[in-house]
Amino acid sequence: QVQLVESGGGLVQAEDSLRLSCAASGRAFSVYTMGWFRQAPGKERELVAAITSGGSTNYADSVKGRFTISRDNAKNTVYLQMNSLKPEDTAVYYCAARREWVFAYEYWGQGTQVTVSS
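Residues numbered from 1 in each chain as written. Predicted model: local features only at pLDDT ≥ 70, side-chain atom pairs only at ≥ 80, totals over all residues. Heavy atoms only, no water.

## A short note on the packing of aromatic side chains
Here is step 1: Evaluation of the coordinates by the stated rule reveals 4 aromatic pairs.
Here is step 2: Here the aromatic rings of Phe37 and Trp108 are separated by 4.8 Å at their centres, their planes lie at 55°, and the arrangement is tilted. Of this pair, Phe37 sits in strand β4 (residues 32-39) while Trp108 sits in strand β10 (residues 107-108), placing them 71 residues apart in sequence.
Here is step 3: Ring geometry for Tyr105 against Trp108: centres 6.2 Å apart, planes inclined by 55°, an arrangement best described as tilted.
Here is step 4: Grouped by ring-pair contacts, the aromatic residues Phe37, Tyr105 and Trp108 constitute a single cluster.
Here is step 5: Against the face of Phe29 rests Arg71, its NZ or CZ located 4.7 Å from the ring centre. (Phe/Tyr/Trp six-rings, centres within 6.5 Å; stacked < 30°, edge-to-face > 60°. Helix = DSSP H or I, 4+ residues; strand = E, 2+ residues; numbered from the N terminus. Lys NZ or Arg CZ within 6 Å of the ring centre and 35° of its normal.)

Written out as structure tokens, the structure reads:
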């Protein structure tokens, strides 16, 4: 079992930066692929970025070049550095984890609100 707790959300202006953190408790954090998802009002949840246990990353096209996902296995934490924020980035951001060999994300955080004003 893995518990995930996000932090770092808030209200910012366009072009500002934010760093989200997700602290994981439980065993074997290093074997999990970690993802950041977001869901805006009236829209489906989408995968923003993911990082494997080996450090490979992938990003949604809408955030490439602006967002960076990273992990610190010693601290059981995954980060999402968000730069050049846009109003369309406004959403609840969720951290999620899955074991490398499992297709679907198994564990979810409670979410943190990010609001970007124009």
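## Regarding the nonpolar core
Here is step 1: Formed by 30 residues in total, the largest nonpolar core has its most connected members in Leu4, Met34, Trp36, Leu80, Met82 and Tyr93.
Here is step 2: At the level of elements, β3 (18-25), β4, β5 (46-51), β7 (67-72), β8 (77-82), β9 (91-99) and β11 (112-117) are the ones that each hand at least two residues to this core.
Here is step 3: If sequence neighbours within four positions are ignored, Tyr93 has contacts with Glu6, Leu20, Trp36, Phe37, Arg38, Val48, Phe67, Leu80, Met82, Gly111, Thr112 and Val114.
Here is step 4: Core analysis: the second largest hydrophobic core is formed by 5 residues, Phe37, Tyr94, Ala96 and Tyr105 among them. (Core = buried A, V, L, I, M, F, W, Y, C linked by side-chain atoms within 4.5 Å. Buried < 20%, exposed > 50% of the residue type's maximum accessible area, 1.4 Å probe, protein only. Contact = heavy atoms within 4.5 Å.)

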